[in-house]
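# A closer look at the structure
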Amino acid sequence: MNAPLNAQAEELLQKATLQAQIVHALSAHLPPHALLYQSEDTTPYECDGLTAYRQRPLVVALPETEAQVQAVLRSCHALGVPVVARGAGTGLSGGAMPDARGVTMSLAKFNKILEVNPYSRTARVQCGVRNLAISEAAAPHGLYYAPDPSSQIACTIGGNVAENSGGVHCLKYGLTLHNVLQVRGLTIEGEPITFGAQALDAPGYDLMSVVVGSEGMLAVTLEVLVKLVPKPQLARCIMASFDDVRKAGEAVAAVIAAGIIPAGLEMMDKPMTAAVEDFVHAGYDLSAAAILLCESDGTAEEVQEEIERMSDVLRSQGATAIAVSQSEAERLRFWSGRKNAFPASGRISPDYMCMDSTIPRKRLADILLAISEMEKKYQLRCANVFHAGDGNLHPLIMFDASDPDQLHRCELFGADILETSVAMGGTVTGEHGVGVEKLNSMCVQFSPEENAQMFAIKRAFDPQGLLNPGKVIPTLHRCAEYGKMLVRAGQIKHPDLPRF
C-alpha cells in the first residue's frame, strides 16, 4: 500500500535536490531577481498560448546579458539539465511548455533594436523585440517588416524565427524565412553560432532554413538581422461575400490562377465572422456563408488595376456582394476583424484550441465541409479562419478545459483535422509549429525513417537532447502507442498514409 507513496516521495526528493543544484549553479552567474524557483513565481511560465497543457519548470532564469545566457547554457549542459527558451509566450502549440526537470530561460529582456539601416533596408534586433516594434522603428524611413502574425503587437522576433511565423501578408511577402538574413545565437554548450550572412550568400552550408522553424531545438536565438521593405504608396482591401463555402474556396484558387498575387487573401466562415463582428464591429456581412478579404498594394495605378481584376474574378466565381475600402481607416477596419479572430473566439468559449495545418488551395471547400461533419461527430463548435492564399487554415475548436471529456474530444477533433489535411495533400503545421500539440500527428505525416533523420539533425546540434526536449519529433515508441490507440478507437481512416 505504501509503495506508490514512497515512489512519489522519492521523486519529489529527487526534484528538490536537482532544483537546489540548479539554483546553486546559476546563482554564481545571475542576480537573485533573475532566478525564480518558488512555485508562485514559476507558475506564470507553466504554459504558452496553448493553455490546455501546463507544466511548472523547476527553475526560471531571466538573463539580461549575452554572457549570462552563455553561463546558464554552460551550467545546464554540465548538469545535464534541459533548457527551454521562451519569448513572449504567445505560441499556440506548446513549444514553450517547460520541462518538469529543467530550466525555462526567458529572453524577454533582450528587447533592443540595435540598428535600422535604411540604405541596406535591414534592421538588427535582439530576440525579445516585438514584431510590430520593428515596423514602428523603420517607419520614419518609409520601411516596414513584412511578416505580420496576428499576435504581432506582442510576439517576439525570436519566437517568429522559432516557428517560421507568417501572417496575413505572407502570400506576397513570404514567411519569416524569406525575410531574415542572419540569425546569431548560442548552442547548448554556450558556443556562439551564426546562420546566414549579411550578403546574399553565406560560406559553408546554408542552414538558415534549418534553424528557422526549428522551435528552439537546435540553438538559442539572441539576435536577428531582418529585411525591411518599402511601405507601399497605397493599399486597398476587397471584402467579398459568398453564399456557399465551396464558391469562396474556388474563388481563392481562381484569383491565383488569374496570375494575381494579392498582398493578402484571407477567408473566414460564418461562425467566425459572427464572433468577430460582435467584438470589433468590422462591418462584416453576417448573412454570408464565408467572406474573403483580398488586399492590393503598390502605386495608385497598380492598386486600381489589381482591384478591378480581382473584383471581376470574384464576381465570376459567385460573390454575392463586394465592398472595396475607400480610405485607410476603412481598410484597417476590414482587417481588424481578421486580426482579432482569436480574442473574439475567446469571448464566446471558455477555451479554444487553434489548429494549424496546410492544404492545397483547391481543397479549401473540402476541408471546411469535412470540419463541419467533425463538429457533429465530436459535438463541439468550430470557427474557421484561413490564410486562404497559401492554404494555411486555423480552425478554432471551442471547448471547456475544466471538463476532461470535452478536452479529450477536442484533442480527437484536432487530430482528425490534421490527419484529413495530410490526406488531402497538406501538412500538419503551417506556422504555429508542432510543439507538444502535434507530436502524434507527426506520426501520421512522417515515416519512422523520416523522423529518425530529423532526430539526426537534432543530435548534430544538441547531442544530449537538452534544448527543448520532448517537442516536435515523436519517438518510435510514441508513434507505435498512438497507432495502437487509433486502432482500438477505430479512428484510422487513411491507411495509405505513412505512419508508425
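Cut-offs used in this document
Residues numbered from 1 in each chain as written. Predicted model: local features only at pLDDT ≥ 70, side-chain atom pairs only at ≥ 80, totals over all residues. Heavy atoms only, no water. Salt bridge = Lys/Arg side-chain N within 4 Å of Asp/Glu carboxyl O. Helix = DSSP H or I, 4+ residues; strand = E, 2+ residues; numbered from the N terminus. Axes fitted to C-alpha atoms, helices over the stretch in contact; angles between N-to-C directions. Parallel < 35°, antiparallel > 145°, perpendicular 65-115°, else oblique. Left-handed = near helix turned anticlockwise from the far one by under 90°. Contact = heavy atoms within 4.5 Å. Nonpolar A, V, L, I, M, F, W, Y, C, P; charged D, E, K, R; others polar. Pairing = 2+ DSSP bridges. Phe/Tyr/Trp six-rings, centres within 6.5 Å; stacked < 30°, edge-to-face > 60°. Buried < 20%, exposed > 50% of the residue type's maximum accessible area, 1.4 Å probe, protein only.

### Quick word on the pattern of salt bridges
When the charged atoms of two side chains with opposite charge come close together, those side chains can pair. Per the counting criterion, the structure on display carries 25 salt bridges. Of the charged contacts in the structure, one is a salt bridge between Arg409 and Asp405, with a shortest N-O distance of 2.9 Å. One end of the pair is Arg409 and the other is Asp405, both in helix H14 (residues 404–423) and four residues apart, which spans about a single turn. Via salt bridges that share partners, Glu66, Arg124, Arg184 and Glu223 belong to a single interconnected network.

### Concerning the packing of helix H13 (residues 364–378) against H14
It is at 10 Å that the axes of H13 and H14 come closest, and there the two elements cross at 155 degrees. Judged by the angle between their axes, H13 and H14 are roughly antiparallel. In the crossing of H13 with H14, the sense of the turn from one axis to the other is right-handed. Across from Ile367, Ala370, Ile371, Met374, Glu375, Lys377 and Tyr378 in H13, the residues of H14 making contact are Arg409, Leu412, Phe413, Asp416, Ile417, Thr420 and Ser421. Across the contact of H13 with H14, the residue classes break down as eight nonpolar, two polar and four charged.

### Comments concerning the packing of helix H8 (residues 245–257) against H13
Orientation of H8 relative to H13, taken along the N-to-C sense of each, is 150 degrees, at an axis distance of 7 Å. One way to sum up the angle between H8 and H13 is to call them roughly antiparallel. As for how H8 packs across H13, the hand of that crossing is right-handed. From H8, Val245, Arg246, Gly249 and Val252 reach across to H13, where they touch Leu364, Ala365, Asp366, Leu368 and Leu369.

### Describing the sheet that holds strand E3 (residues 83–86)
Taken together, four strands build an open sheet; the order of strands is E1-E2-E4-E3 and the sheet is mixed. Among the strands making up the open sheet, the edge pair consists of strand E1 (35–36) and E3. Pairing of E3 with strand E4 (residues 103–106) involves four bridges; the strand directions are parallel. Bridged to Val84 within E4 is Thr104. Running at roughly 170 degrees to E4, helix H3 (residues 66–79) makes contact with strand E2 (59–61), E3 and E4 of the sheet.

### A few points about the packing of aromatic side chains
Summed over the entire model, instances satisfying the criterion amount to four aromatic pairs. With a centroid separation of 6.2 Å and an interplanar angle of 35 degrees, the aromatic rings of Phe195 and Phe461 are classed as tilted. With Phe195 in strand E9 (residues 192–196) and Phe461 in helix H16 (residues 448–461), the pair connects residues that are 266 residues apart, well separated along the chain. Phe461 shares its class with Phe195; the two are buried. Aromatic side chains Phe342 and Tyr352 sit 6.3 Å apart centroid to centroid with 50 degrees between the ring planes, which places their arrangement in the tilted category. Taken as a pair, Phe342 in helix H12 (residues 341–346) and Tyr352 in strand E16 (residues 351–354) lie far apart in primary sequence, ten residues in all. What makes Phe342 buried here is its relative accessible area of 13%. Residue Tyr352 is classed as partly exposed on the basis of its relative accessible area of 24%.

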